[in-house]
Amino acid sequence: MNPPWTRDEVILGLDVLFSMDTKNFSVENEAIIELSKLLNSLPLIPLSERDETFRNPSGVRRQLLTFEWGLQKKKKPIHVGEIFYTVYNEIGKNKILISEIAQSIKRNSDFVKSIGFSYFPSTVEFPEGVILFNLHSFLENRHGFRFSKTCNSCSICGLNPQTAFHLRETARFLDPHLLVLPQDMRPEMRFSGKDFITVCPNCHQVLHQYRPWRSRSQCEQILKTLG
Ligand SMILES: [Zn+2]
Ligand SMILES: [Zn+2]
């Protein structure tokens, strides 16, 4: 038996489901075949956990149609994982957003595979999925620390670890957070200081979960509100 669908797979699946007439949803349909190939190429499920029918066109088609049937009948079929409803309720009702996120996953997946794709958040769900979360975290680590060295307090809650804990060095206790929207990410992007904000690990985790995505001015507004 194959493992349940992951968040990234659901986003890609819903994008296909919403972009076509389900009357044409046969196993020979090009979009279904492409989705099946894509899901097989992504490193979301270890090869050792896949059986020979893993995300094949017929399974992909059945899963998406069963979910859609459940939506219409206001039922939750037992063969559709809870993650479908979580993603649908969070972002799936906004078909443009689902499409933008799906395009970003597809655009960036080869690059994310090339950097190792190793980080799976255990407690925190990044709404756009683990591929874009890996990319976001990789870029923060690769480029962000360069720009956050000069800032010694959290841009959201104002915590200054140096004064709060009488430390000599603060940089390692504060994180750079990349402000670029996950759905706008491109592998060839270049970054500068204006693309990052310095935050404490707690505020960083909240930013990773909170949607809509916060801009620099919205983050700074929170600090002003805290006074
Ligand atoms: Zn903070
Ligand atoms: Zn971040």
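Reading the values: rules and limits
- Residues numbered from 1 in each chain as written.
- Chains lettered and ligands numbered in written order.
- Predicted model: local features only at pLDDT ≥ 70, side-chain atom pairs only at ≥ 80, totals over all residues.
- Heavy atoms only, no water.
- Helix = DSSP H or I, 4+ residues; strand = E, 2+ residues; numbered from the N terminus.
- Buried < 20%, exposed > 50% of the residue type's maximum accessible area, 1.4 Å probe, protein only.
- Contact = heavy atoms within 4.5 Å.
- Donors = N, O, S within 2.8 Å, 3.2 Å for Na, K, Ca; no water.
- Domains from an automatic or database assignment.
- Tetrahedral: all angles 85-135°; square planar, octahedral: opposite > 155°, others 65-115°.
- Pairing = 2+ DSSP bridges.
- Expected span 1.5 Å × (residues − 1).
- Polar contact = N/O pair within 3.5 Å; in protein donor to acceptor, adjacent residues only side chain to side chain.
- Core = buried A, V, L, I, M, F, W, Y, C linked by side-chain atoms within 4.5 Å.

A.B. asks: For the overall build of the chain, give the residues involved together with the corresponding values.
C.D. replies: Helices and strands together make up the secondary structure of the chain, namely nine helices and two strands. Overall, the chain shows an N-to-C arrangement of helices and strands of α-α-α-α-α-α-α-β-β-α-α. Each of the three principal axes of the chain carries a C-alpha extent, and together these read 60 × 35 × 30 Å. Looking at the chain as a whole, 45% of its 227 residues qualify as buried. Pairs at least 24 apart in sequence give 66% of the contacts found in the chain among residues at least 6 apart.

A.B. asks: Tell me about the coordination of the zinc ion (ligand 2), and name the residues and values.
C.D. replies: Six octahedral donors around a metal ideally make angles of 90 or 180 degrees; four tetrahedral donors ideally make 109.5 degrees. Bound to the zinc ion (ligand 2) on the protein side are His136 (NE2), Glu140 (OE), His177 (ND1), His204 (NE2) and His208 (NE2), at distances that span 1.9 to 2.2 Å. Sequence spacing of the donor residues for the zinc ion (ligand 2), all on one chain, is H-x3-E-x36-H-x26-H-x3-H. Here Glu140, found in helix 6 (residues 130-148), pairs with His208, found in helix 8 (residues 201-209); they are 68 residues apart in sequence, far enough to count as distant. Here the two residues Glu140 and His208 agree in accessibility, since each one is buried.

A.B. asks: Tell me what's going on with the domain arrangement of the chain, and back it up with residues and numbers.
C.D. replies: Structurally, the chain comprises domain 1 (7-93) and domain 2 (130-226). The distance between the C-alpha centroids of domain 1 and domain 2 comes to 33 Å.

A.B. asks: Quick one: what's the story with the coordination of the zinc ion (ligand 1), residue by residue and with numbers?
C.D. replies: The protein atoms that coordinate the zinc ion (ligand 1) are Cys154 (SG), Cys157 (SG), Cys200 (SG) and Cys203 (SG), at distances spanning 2.3 Å. For the zinc ion (ligand 1), the four donor atoms in the first shell make angles of 104 to 115° at the metal, so the coordination geometry reads as tetrahedral. All donors of the zinc ion (ligand 1) come from a single chain, and their spacing in sequence reads C-x2-C-x42-C-x2-C. Placement of the pair is Cys154 in the loop between helix 6 and helix 7 (161-165) and Cys200 in the loop between strand 2 (196-199) and helix 8, with a sequence separation of 46 residues. Given a relative accessible area of 1%, Cys154 falls into the buried group.

A.B. asks: Give me the lowdown on the side chain of His177, citing residues and values where you can.
C.D. replies: Assignment of secondary structure puts His177 in strand 1 (residues 175-178). Once residues lying within four places of it in the same chain are set aside, the contact partners of His177 are His136, Glu140, Asp195, Phe196, Ile197, Val199, His204, Leu207, His208 and Trp213.

A.B. asks: Please set out the pairing of strand 2 residue by residue, giving values where relevant.
C.D. replies: What you see with strand 2 is no split at all: Phe196 and Thr198 on one side and Ile197 and Val199 on the other are buried throughout. Here four bridges tie strand 1 to strand 2, and the two strands are oriented antiparallel to one another. Bridging across to strand 2, His177 finds its partner in Ile197.

A.B. asks: Report on helix 1 (residues 7-19), specifying residues and quantitative values.
C.D. replies: With 13 residues, helix 1 should reach 18 Å at 1.5 Å per residue; the first-to-last C-alpha distance of 18 Å fits that figure. With eleven of 13 residues buried, helix 1 lies mostly within the body of the structure. Burial in helix 1 covers these residues: Arg7, Asp8, Glu9, Val10, Ile11, Leu12, Gly13, Leu14, Asp15, Val16 and Leu17.

A.B. asks: Run through the environment of Leu71, naming residues and quoting values.
C.D. replies: Tracing the backbone shows Leu71 in helix 3 (residues 57-73). Separated by 14 residues in sequence, Leu71 and Tyr85 place their C-alpha atoms 9.3 Å apart.

A.B. asks: Explain the environment of Thr53 residue by residue, including any values.
C.D. replies: By secondary structure assignment, the location of Thr53 is in the loop between helix 2 (30-41) and helix 3. Since its relative accessible area comes to 36%, Thr53 is described here as partly exposed. Between the alpha carbons of Thr53 and Glu188 there is a distance of 35 Å; along the sequence they are 135 residues apart. At 3.1 Å, the side chain of Thr53 and the side chain of Asn2 are in polar contact.

A.B. asks: Outline the nonpolar core, listing residues and values.
C.D. replies: If you look at the biggest cluster of nonpolar residues, it comprises 47 residues, and the most contacted ones within it are Ile11, Leu12, Leu14, Leu64, Phe67, Phe84 and Val87. Only helix 1, helix 2, helix 3, helix 4 (82-92), helix 5 (95-114) and helix 6 provide two or more residues apiece to this core. Mapped onto the domain boundaries, this core takes at least three residues apiece from domain 1 (7-93) and domain 2 (130-226). Beyond its immediate chain neighbours, meaning those up to four positions away, Val87 contacts Arg7, Val10, Ile11, Leu14, Gly92 and Ile98. Residues Leu179, Val199, Leu207 and Cys219 belong to the second largest nonpolar core, which totals ten residues.

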